[in-house]
Amino acid sequence: MIPHEIIRKMPKVELHDHLDGGLRTSTVIDLARKYDVALPHYEESSLQSWFDEGCRLKSLTLYLKTFAVTNAVMQTEESLRRVAYEAVLDWKLQNIVYGEIRFAPVLHTANGLTLDQVVQAVLSGLEDGKRETGVHFGLILCAMRNQSANVSLDIAKLAVAYRDRGVVGFDIAGDESGNPPKAHLDAFQYIRNKNFNITIHAGEAFGLDSIWQAIQVCGAHRIGHGTRLVDDMTLDGSRIESMGDLAHFVQDKRIPLEMCLSSNVGTGAAKDFSSHPFPVFFRNHFRVSLCTDNRLMSNTTLTKEMELAVEHYGLSLKELEKLSVNAMKSAFVHQEEKLSLIYETIKKQCADLRKEYGYSDWN
């Protein structure tokens, strides 16, 4: 086993982290008291247990129920700035050198904020965090599958409007079943016409058609989760005996898969860690990265996700470094920034760690 301290110090890249799924429990309590939002518990450990109960019990209903609380305390510019700022500080504790965080602006307008005010507040908090920590960030704006196509188009236009101020992409989230991404095609076409970036939640709770639509109809550059892509393969253990056209396409085109181990097991997208398709994808040269999804609801960090990969799939330090490089290659930033972070930060820090702990090379 690789010592916890080395994994914590590994330079990391986060590509799939929900703003409303990553609050500190102490912050939820503070904001709830300030804005008169009812909580089931006002003691941190009890509240944390309530938030991650759905993940522990593998109940998607309980898992999703908790977002009503986090969104309820994120309805002012002050609270949005604070949550975004603290997210970057929390990334720094895990040595995340670049992170992308996503949220649905429309869910934060219940008390009268405009969409612009919501996005500006979050960007302000992220910038504050970057100035304090040096951690680079990108913000992804989400539309919701269960809302109208017109709302999705508005969010797509909002994302492009802030592309030079920290917004790096557009996503659509929410229940896949009965809510196909092609219903929001105008939003995706707008993003594509503006030469912007698309990631889509697909293949998490629904099958191959969701992934196919995301890529071939909506033009996704990355896939959030994508666990069901394994259904397009014939396996012998973790070895792929054969693949269908979609799996070949994803592999050949290097379409990144944002994989979230704790979240997928907790929500039922994977039965358990041993049957999660991550090692199949990783060992067979798909472009995969490890992500947290919802740090609060899954009671996780990117360090914990890497530790799970080491424990269950035997990943080496060299392979953990590869995951960070994979993620940085897949990030929605310009090539110059990718290369700088890969060679001047990720690889340099890994070399320093090898020297610090006496490794001639990773093993």
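Scroll up to find the structure this text is about.
Not measured: the values here are computed from a predicted model.

J.: Run through the overall build of the chain, naming residues and quoting values.
T.: Helix and strand counts for the chain stand at 17 helices and ten strands. Sorting the 363 residues of the chain into buried and exposed places 58% on the buried side. Restricting to contacts in the chain with at least 6 residues of sequence separation, those with at least 24 account for 75%. Accessible surface, the chain: about 14,700 Å² in total, of which carbon and sulfur atoms supply 48%. Distance between charge centres in the chain, computed from 40 positive and 47 negative side chains, equals 4 Å.

J.: So what about the layout of surface pockets? Which residues, and what values?
T.: Quantified by volume, the largest pocket comes out at close to 740 Å³. Residue lining of the largest pocket: 29 residues in total, with Leu64, Met144, Ala173, Gly174 and Asp175 positioned closest to the centre. Mapped onto the lining of the largest pocket, the elements with two or more residues apiece are helix H5 (60-65), helix H6 (67-72) and strand E3 (136-144). Counted by class, the lining of the largest pocket contains twelve nonpolar, eleven polar and six charged residues. There is about 460 Å³ of room inside the second largest pocket. As for the second largest pocket, its lining consists of 26 residues, of which Val168, Asn197, Phe332, Val333 and His334 are closest to the centre.

J.: Can you tell me about the pattern of salt bridges, naming the residues and giving the values?
T.: Scanning the entire structure with this criterion turns up 22 salt bridges. Its salt-bridge partner being Arg222, residue Glu258 comes within 2.6 Å of it at the nearest N-O pair. Pair noted here: Glu258 is in strand E9 (residues 257-259) and Arg222 is in strand E6 (residues 222-225), with a separation of 36 residues, a long-range link. Using a relative accessible area of 0% as the deciding quantity, one classes Glu258 as buried. With its nearest N and O atoms 3.4 Å apart, the salt bridge here joins Arg239 to Asp236. Note on Arg239: relative accessible area 46%, which makes it partly exposed.

J.: Can you break down the sheet that holds E3 residue by residue, with the values?
T.: Strand order in this open sheet of four strands is E1-E2-E3-E4, and the pairing throughout is parallel. Across the chains shown, the open sheet's two edge strands, defined by having one partner strand only, are strand E1 (12-18) and strand E4 (167-173). For this sheet the average axis-to-axis angle between neighbouring strands, irrespective of direction, equals 20 degrees. Relative to E4, E3 runs parallel, the two sharing six bridges. Considered in E4, the bridge of Leu141 is made with Phe170. Running at roughly 165 degrees to E3, helix H9 (residues 149-161) makes contact with E3 and E4 of the sheet.

J.: Explain helix H15 (residues 302-313) to me, using residue names and the numbers behind them.
T.: When the terminal C-alpha atoms of H15 are compared, their 16 Å separation across twelve residues agrees well with the 16 Å that a helix rising 1.5 Å per residue should span. Looking only at H15, the buried set comprises Leu302, Thr303, Glu305, Met306, Leu308, Ala309, Val310 and Tyr313. Two residues or fewer after H15 comes Gly314, characterised by a positive phi angle close to 70 degrees.

J.: Can you lay out the sheet that holds strand E10 (residues 288-290) for me, pointing to particular residues and giving the numbers?
T.: Strand order in the open sheet made by the four strands is E5-E6-E9-E10, with parallel pairing throughout. The open sheet has two edge strands with one neighbour each: strand E5 (199-202) and E10. Across this sheet, the average inter-strand angle for adjacent strands is 30 degrees, counted without regard to direction. Across the sheet, helix H11 (residues 208-217) is in contact with E5 and E6; its angle to E5 comes to roughly 165 degrees. Along the sheet, helix H16 (residues 317-330) makes contact with E6 and E10, crossing E10 at roughly 110 degrees.

J.: Provide a residue-level description of H9, including the pertinent values.
T.: If you check H9, its first and last C-alpha atoms are 18 Å apart, about what 13 residues at 1.5 Å a residue would give, namely 18 Å. If you follow the buried residues of H9, they end up packed against helix H8 (115-133), E3, E4 and helix H10 (185-193).

J.: Before we move on, can you summarise the nonpolar core with the specific residues and values?
T.: Residues Leu139, Leu229, Met233, Phe278, Phe281 and Leu320 are the most contacted members of the largest nonpolar core, which totals 101 residues. Residues contacting Met233, with those up to four places away along its chain left out, are Ile240, Ser242, Met243, Ala247, Val280, Phe281 and Phe286.

J.: I'd love a proper account of the pairing of E3, names of residues and values included.
T.: Burial runs high along E3: eight of the nine residues are buried. Across six bridges, the pairing between strand E2 (residues 96-103) and E3 is parallel. Paired with Gly99 across the two strands is Phe137, which belongs to E3. In terms of handedness, the path from E3 via H9 over to E4 forms a crossover that is right-handed.

J.: An account of the packing of helix H2 (residues 25-35) against helix H3 (residues 44-51) is requested, with residue identities and associated values reported.
T.: Contact geometry of H2 with H3 gives a least axis separation of 9 Å together with a crossing angle of 105 degrees. Classified by the interaxial angle, the pair formed by H2 and H3 is roughly perpendicular. Of the residues in H3, those in contact with Thr25, Ser26, Val28 and Ile29 of H2 are Glu44, Leu47, Gln48 and Phe51. For the contact of H2 with H3, the per-class residue count stands at four nonpolar, three polar and one charged.

Criteria and cut-off values
- Residues numbered from 1 in each chain as written.
- Predicted model: local features only at pLDDT ≥ 70, side-chain atom pairs only at ≥ 80, totals over all residues.
- Heavy atoms only, no water.
- Helix = DSSP H or I, 4+ residues; strand = E, 2+ residues; numbered from the N terminus.
- Buried < 20%, exposed > 50% of the residue type's maximum accessible area, 1.4 Å probe, protein only.
- Contact = heavy atoms within 4.5 Å.
- Areas by Shrake-Rupley, 256 points an atom, 1.4 Å probe, with all protein chains shown as cover.
- Lys, Arg positive; Asp, Glu negative; His and termini not counted.
- Charge placed at Lys NZ, Arg CZ, Asp CG, Glu CD.
- 1 Å grid on protein atoms, 1.4 Å probe; cavity = no way out; pocket = protein on both sides within 12 Å on 5 of 7 lines; lining within 4 Å.
- Points joined across faces, edges and corners; volume = space filled by probe spheres on them.
- Nonpolar A, V, L, I, M, F, W, Y, C, P; charged D, E, K, R; others polar.
- Salt bridge = Lys/Arg side-chain N within 4 Å of Asp/Glu carboxyl O.
- Pairing = 2+ DSSP bridges.
- Axes fitted to C-alpha atoms, helices over the stretch in contact; angles between N-to-C directions.
- Expected span 1.5 Å × (residues − 1).
- Core = buried A, V, L, I, M, F, W, Y, C linked by side-chain atoms within 4.5 Å.
- Right-handed = clockwise from strand over helix to strand, strands pointing away.
- Parallel < 35°, antiparallel > 145°, perpendicular 65-115°, else oblique.

Functional significance is not addressed by these values, which are geometric in nature.
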